[in-house]
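Summary of the model geometry
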Amino acid sequence: MNYHRYIIAIVAALSVMIVNAQHALLDSIETNNTTLIALRAETEARKLENRTGIALDDPEVSYKRMWEGAEQSGNLTEFTIGQSFDLSTVMGYKSRAAESQNRLIDEEYRLVRMDILLEAQLACIDLAYYRALAEELERRITYARRVVEVEECRLESGDTDMLSYNNVLLSLSALEAECERVATECDVLTTHLTRLNGGKTLKNLEAIGSINSMESISNIDSLVAQAMEYSPMMGIARVGYEAARSELSFAKSQHLPTLSATYINERHTIGDRSQGVAIGMSLPLWANKNRVSSARSALQAAEAYESDTRLQLQSQLQADYVRVQGLQRTASRYQQALSEANNTELLARAMDEGYISVLEYLQGIELYYDYLDRSLSAARDYQRALAELEAWKL
């Protein structure tokens, strides 16, 4: 009993280590990816640009000096300072519109970030698949070399013919060639991950996880509800609608008048002095024509886009969920069958004892190898489908 608890504790600890390694890898890519670095800088620049021009206009100061004719005596000096008050700014319409646009920029960044991290995660899944395949090919090559040695001895003693010996040689050569191809795929994926990491070598790639791990998934209702709340695609549609509403409010506020207040101080050299305040108002009768109509049309488009995005995302999630469930059942069935029917040792023993020929051995072992390859491929397909289904969690 204690032994089983010990094994469970080890498996749990290894699972935590694998998850932590995956998170560390994705965190490194998020930090070092050159596309995201450039996009973060562009995002900050766009947000600052949106915050530009949302304050009141600068105050206006003027100084005026006028000389009178020769028959007149004295000069006139006038000093004025004025400030205009745009009501759309004073009442916060400009600021709210800018904040809505900045939230939309953040959602757009989240979408690009999700795509890049998903690309990295899929590359990690493929790398785990090819490493598992490479490990399996190494075992096959070990078996194949043993068969070649046995057949060589039997050929020397006259117990077999050259045809059988050539068949096992060709089988070994095919396995070695496939092993080289898989090693090349591993190198390509490692290079791809390095590129995603900004050209910096990633550490602990060997701890990215097993291709055969079967993670549990949430029920469809819970998954859709969470995706609707956290998906960047839904976020862009939702925040875009809010931004369109803010723009409509801002467009309506543009029809409010602009007020101005000016302090005037006049002084004459003969001693006369006068001062006072001038109040003005600018009526926007023509400058903002069709602005509200345009903003209202944009709001209708944003509302339609949000509804369409919600429907498309729900449909896509439901289809992906069905696909993930099907792939999970397929992968589990392959794994269960392999655990119950591993004929490698039986086939080798039967051939060594003369119950089956070399050709029968090769046919039997190829059938098992084909089934095992299908199992690894099914596990990879399941992991990739699950990653795409839960990409919004990145």
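The structure presented is a predicted model; accordingly, all values stated were derived computationally and were not measured.

Scoring rules and cut-offs
- Residues numbered from 1 in each chain as written.
- Predicted model: local features only at pLDDT ≥ 70, side-chain atom pairs only at ≥ 80, totals over all residues.
- Heavy atoms only, no water.
- Helix = DSSP H or I, 4+ residues; strand = E, 2+ residues; numbered from the N terminus.
- Buried < 20%, exposed > 50% of the residue type's maximum accessible area, 1.4 Å probe, protein only.
- Contact = heavy atoms within 4.5 Å.
- Phe/Tyr/Trp six-rings, centres within 6.5 Å; stacked < 30°, edge-to-face > 60°.
- Lys NZ or Arg CZ within 6 Å of the ring centre and 35° of its normal.
- Axes fitted to C-alpha atoms, helices over the stretch in contact; angles between N-to-C directions.
- Parallel < 35°, antiparallel > 145°, perpendicular 65-115°, else oblique.
- Left-handed = near helix turned anticlockwise from the far one by under 90°.
- Nonpolar A, V, L, I, M, F, W, Y, C, P; charged D, E, K, R; others polar.
- Pairing = 2+ DSSP bridges.
- pLDDT = per-residue confidence, 0-100.
- 1 Å grid on protein atoms, 1.4 Å probe; cavity = no way out; pocket = protein on both sides within 12 Å on 5 of 7 lines; lining within 4 Å.
- Points joined across faces, edges and corners; volume = space filled by probe spheres on them.
- Salt bridge = Lys/Arg side-chain N within 4 Å of Asp/Glu carboxyl O.
- Patch = residues over 30% accessible without salt bridge, like charges linked within 9 Å, V, L, I, M, F, W, Y side chains within 5 Å.
- Areas by Shrake-Rupley, 256 points an atom, 1.4 Å probe, with all protein chains shown as cover.

With that settled, the discussion passes to the overall build of the protein. Tallying secondary structure elements over the protein gives ten helices and four strands in all. For the protein, the N- to C-terminal ordering of α and β elements is α-α-β-β-α-α-α-α-α-β-β-α-α-α. By the burial criterion, 36% of the 394 residues in the protein qualify as buried. Taking all contacts inside the protein whose residues are at least 6 apart in sequence as the whole, residues at least 24 apart take part in 81%.

Before going further, it helps to examine the packing of aromatic side chains. Under the definition given, this model contains three aromatic pairs. Each ring, one from Y334 and one from Y371, has its centre 4.9 Å from the other, and the planes form 70°; the classification is edge-to-face. Pair noted here: Y334 is in helix 8 (residues 291–340) and Y371 is in helix 10 (residues 358–389), with a separation of 37 residues, a long-range link. Look at Y371 and you get partly exposed, because its relative accessible area is 30%. Geometry around Y369 places R140 over its ring, the cationic atom sitting 4.2 Å from the centre. Stacked on the ring of Y129, the Lys or Arg R380 has its end atom at 4.1 Å from the ring centre.

Moving on to the packing of helix 4 (residues 93–157) against helix 7 (residues 232–253). Between helix 4 and helix 7, the shortest axis-to-axis distance is 8 Å and the interhelical angle comes to 165°. It follows that helix 4 is roughly antiparallel to helix 7 by the angle criterion. By crossing handedness, the relation of helix 4 to helix 7 is classed as left-handed. Of the residues contributing to the contact of helix 4 with helix 7, the split by class is eleven nonpolar, seven polar and eight charged.

Attention now moves to the pairing of strand 2 (residues 75–86). The buried fraction of strand 2 amounts to nine of the twelve residues, a majority that puts the element mostly inside the structure. When strand 1 (residues 60–67) meets strand 2, the two strands line up antiparallel, connected through eight bridges. Within strand 2, the position partnered with S62 by the bridge is T80. Bridge count for strand 2 against strand 3 (residues 258–268) is eleven bridges, and the pairing is antiparallel. Bridge pairing in strand 3 places F79 opposite N265.

Further remarks concern the confidence of the model for the protein. Averaged over the protein, the pLDDT score is 81; the fraction of residues at 70 or greater is 89%. For the protein, per-element mean pLDDT is lowest for helix 1 (residues 2–32), which scores 58, and highest for helix 2 (residues 34–50), which scores 91. This stretch, residues 1–18, has a pLDDT under 50; its non-local contacts, to residues over four places away or in other chains, come to three contacts.

Moving on, we come to the environment of D86. Residue position: D86 is located in strand 2. Judged by relative accessible area, D86 falls into the buried class, the value being 18%. Linking D86 and A55, residues 31 residues apart in sequence, is a C-alpha distance of 9.1 Å. Apart from residues no more than four positions distant in its own chain, D86 is found in contact with L56, K94 and T258.

Moving on, we get to empty space enclosed by the protein. Counted under the stated rule, the structure contains one cavity of 30 Å³ or more. Forming the boundary of the largest cavity are R140, Y143, A144, V147, V168, S171, L175, Y361, L362, I365 and Y369. Secondary-structure elements contributing two or more residues to the lining of the largest cavity are helix 4, helix 5 (162–196) and helix 10. Residue composition of the lining of the largest cavity, grouped by class: nine nonpolar, one polar and one charged.

The next subject is the pattern of salt bridges. Overall, the coordinates contain 18 salt bridges when judged by the stated rule. Between E176 and R145 there is a salt bridge whose closest N-O contact spans 3.3 Å. Taken together, the positions of E176 in helix 5 and R145 in helix 4 put the pair 31 residues apart, joining distant regions of the chain. When its relative accessible area of 44% is taken as the criterion, R145 is described as partly exposed. One salt-bridge network, in which partners are shared between bridges, spans E135, E136, R139, R140 and D373.

In this section: the sheet that holds strand 3. In space, the four strands of this open sheet follow the order 1-2-3-4, with antiparallel pairing throughout. In this open sheet, the two strands that pair with only one neighbour each are strand 1 and strand 4 (273–282). Averaged over neighbouring strand pairs, the angle between their axes works out to 15° when direction is ignored.

Once that is clear, we can look at a nonpolar patch on the surface. A cluster of nonpolar residues, L56, F85, L259, M281, L283, L285 and W286, forms a patch on the protein surface that exposes about 750 Å² of accessible area. Residue placement: L259 occurs in strand 3. With a relative accessible area of 33%, L259 lands in the partly exposed category.

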